Structure formats: C-alpha cells, structure tokens
Amino acid sequence: MDIQSFSPNLMVYNVQDSVDYYQELLGFELVQSVPNEKNMLQWAMMKKNNFIIMFQEIENMQSEIPYFKENSPGGSLSFYIKIENIQLFYDNVKESYRLVSDLNKTFYNTLEFSISDINGYILTFAQDI
C-alpha cells in the first residue's frame, strides 16, 4: 500500500467557527467548502503549507457514519505540531486561547505547550531545543 495523503476530518460543532478559529490561530486558508440547505457550512477543507485539515458538522458526519452518534467532537484526539519561535507564539496566544498545559521543557528535549481548540481537540505545539 502506498499512502498518498493523510488528512484528518474532524467532527465539529460549527464548521464556520472552526474555519475562523484555524485561520486566526494558525493562518490556515479555506480551500474548499460545502454548504448545507440553510447555506451554512457542513464541510470545509483548509490548508497550511503541506498540511490539510477538514471539518464536518456533527449531523452530517453522523448521517454518513452512524458510529459517531455515540461520540462528540474533541474526544481523546490531539495534534502534535512542531513550530519555530515557540516562545513568541506562546506569548501571543496564552491569554486568548484555552491553555491546557503551560510552556515547559520535556525530558525528550523540546519546549511544549498545549491548548484546547473550540471543539475540544488538543493542539500541542513543540520546538526542539
């Protein structure tokens, strides 16, 4: 098997709010979207550099995959995001975003901190020391 891409499709409470959040926090750009019958987004694809992430509204995802009727957004999924200039980024976001762990040095020689996005997914930002 040859994997050509690997892109998360996250179940979210509100697709537009999620798009706005990831544009503001990480500078993602909206690549493609699908509105529902009320002209609200039911699905969106965003891109930053070579990373693609998708957001899909709860009801739509549950209708496609009934398994999700027993689960809510967030869950135990976390993303590990390597960045540069972590101290500057941390200083810019620590007051405005839901911090779940402060900037700290790990035993494996990185600086890291984590926030929870608006859907409960954990975003851990890291920089090698």
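### Quick notes on the sheet that holds strand 8 (residues 122-128)
Piece 1. As summarised here, the arrangement of the 4 strands in space is 5-8-7-6, forming an open sheet in which the pairing is mixed. Both edges of this open sheet fall to strand 5 (78-82) and strand 6 (98-105), since each of them pairs with a single strand only. Strand-to-strand twist in this sheet, taken as the mean axis angle between neighbours without regard to direction, amounts to 15°.
Piece 2. Strand direction decides the pairing type here: strand 5 and strand 8, joined by 5 bridges, are parallel. When the sheet's bridge partners are listed, S78 is paired in strand 8 with I122.
Piece 3. Along the sheet, helix 1 (residues 15-26) makes contact with strand 7 (110-116) and strand 8, crossing strand 8 at roughly 15°.
Piece 4. Relative to the sheet, helix 3 (residues 86-93) contacts strand 6, strand 7 and strand 8, its axis offset from that of strand 7 by approximately 25°.

### Focus on a nonpolar patch on the surface
Piece 1. A surface patch of nonpolar side chains, about 490 Å² in accessible area, is lined by M1, I3 and F6.
Piece 2. Mapped onto the fold, M1 is located in the segment before strand 1 (9-12).

### Concerning the sheet that holds strand 4 (residues 51-57)
Piece 1. One open sheet holds the 4 strands; their spatial order is 1-4-3-2, and the pairing between them is mixed. Each end of this open sheet is capped by a strand with a single partner; those strands are strand 1 and strand 2 (29-35). On average, adjacent strands in this sheet sit at an angle of 20° to one another, irrespective of strand direction.
Piece 2. Across the sheet, helix 1 touches strand 1, strand 2, strand 3 (41-48) and strand 4, and the angle it forms with strand 3 is around 15°.

### Some remarks on unusual backbone geometry
Piece 1. The phi angle at N39 is positive, at roughly 65°, despite the residue not being glycine.
Piece 2. Within the secondary structure, N39 is located in the loop between strand 2 and strand 3.
Piece 3. Of note in the backbone geometry, N109 takes a positive phi value of approximately 70° without being a glycine.
Piece 4. You can call N109 partly exposed: its relative accessible area is 39%.

Calculation criteria
- Residues numbered from 1 in each chain as written.
- Predicted model: local features only at pLDDT ≥ 70, side-chain atom pairs only at ≥ 80, totals over all residues.
- Heavy atoms only, no water.
- Pairing = 2+ DSSP bridges.
- Helix = DSSP H or I, 4+ residues; strand = E, 2+ residues; numbered from the N terminus.
- Axes fitted to C-alpha atoms, helices over the stretch in contact; angles between N-to-C directions.
- Contact = heavy atoms within 4.5 Å.
- Patch = residues over 30% accessible without salt bridge, like charges linked within 9 Å, V, L, I, M, F, W, Y side chains within 5 Å.
- Areas by Shrake-Rupley, 256 points an atom, 1.4 Å probe, with all protein chains shown as cover.
- Salt bridge = Lys/Arg side-chain N within 4 Å of Asp/Glu carboxyl O.
- Buried < 20%, exposed > 50% of the residue type's maximum accessible area, 1.4 Å probe, protein only.

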